[in-house]
Amino acid sequence: VDGHASIGSNLRFADPGGRVRLVSAGEFMKRARSKHARLREADKDHRSKRAVLCEPLGPLSKLRGGKPVPSRFCSSDNLDQCVFNFSGAVTDAMAARASGTLSMFRSMCREFEEFEVMPIVKLGIATDNGSTEHIWFDVHDISDVHIDATCLNSPFRVARLEKGQRGNHSLEQLTEWAIVTPLGQITPRHLHLARAMREQAPVLRKMMA
């Protein structure tokens, strides 16, 4: 559980609408209605040191008799239409990892160029309210100081930027990178796909031909 939240408290982890209550897995299994408890019934190995994301505390929770209800927000199909809140420590760690492996990213972009891979980066963009929104961009070129890229997302709080807009951005804004390949995404966390691309290169060339 995130250090800023505790079991039983409400947590706002995404906008808009991403408010949940953290309920211990044990309490959830005891107090939730049977139709909800059945969702976790088969998972007998994860009932300790776990929290279930439930509907936040409020007037409706009293009408439900205080019984925990799984988060409707987390069950929706619109999770790609919101911004998730990460702590500064997590963001700094991601940025350090991305910057530390940038030479690897460049090298693999050149290596796999023949397979029409799509290099993308996540950049931290200053928002209109003074915070930072991390947005994915399609990469065209990278210099020693700038990234020439096109915005892939529709920003939530950056009025000056829109999906499809191309421009130069500082490398200091880099927080993540990925290479979209026919076999999936190569990222700093999933480098095994690079090995698979090399092993499957003859097959991929035949497919492209």
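Residues numbered from 1 in each chain as written. Predicted model: local features only at pLDDT ≥ 70, side-chain atom pairs only at ≥ 80, totals over all residues. Heavy atoms only, no water.

Asks: Which parts of the structure should I look at to understand unusual backbone geometry?
Replies: A negative phi angle is the norm for most residues apart from glycine, just as the trans form is the norm for most peptide bonds. The phi angle at E116 is positive, at roughly 55 degrees, despite the residue not being glycine. Within the element layout of this structure, E116 appears in the loop between α5 (102-111) and β5 (118-126). (Helix = DSSP H or I, 4+ residues; strand = E, 2+ residues; numbered from the N terminus.)

Asks: Please clarify how the packing of aromatic side chains should be interpreted in this entry.
Replies: Each aromatic ring pair is characterised by the separation of its centres together with the angle its planes make. Under the criterion given, the structure shown has three aromatic pairs. For the ring pair F13 and F73, a centre distance of 5.7 Å and an interplane angle of 85 degrees mean the geometry is edge-to-face. Taken together, the positions of F13 in strand β1 (residues 10-15) and F73 in the loop between α3 (59-63) and β4 (83-84) put the pair 60 residues apart, joining distant regions of the chain. Side by side, F13 and F73 carry an identical accessibility label, which is buried. Centre to centre, the rings of F105 and W177 are 5.0 Å apart; their planes meet at 35 degrees, and the pair counts as tilted. In this pair, F105 sits in helix α5 while W177 sits in strand β9 (residues 174-181), placing the two residues 72 residues apart along the sequence. Considered together, F105 and W177 belong to a single accessibility category, that of buried residues. (Phe/Tyr/Trp six-rings, centres within 6.5 Å; stacked < 30°, edge-to-face > 60°. Buried < 20%, exposed > 50% of the residue type's maximum accessible area, 1.4 Å probe, protein only.)

Asks: It is not clear to me how the confidence of the model for the protein should be interpreted in this structure. Could you clarify?
Replies: When pLDDT drops low, the exact placement of atoms in the prediction is not to be read closely. In the predicted model, the protein carries a mean pLDDT of 88, and 91% of its residues have values of at least 70. Across the protein, strand β7 (residues 146-151) holds the top mean pLDDT of 98, while α3 sits lowest at 64. (pLDDT = per-residue confidence, 0-100.)

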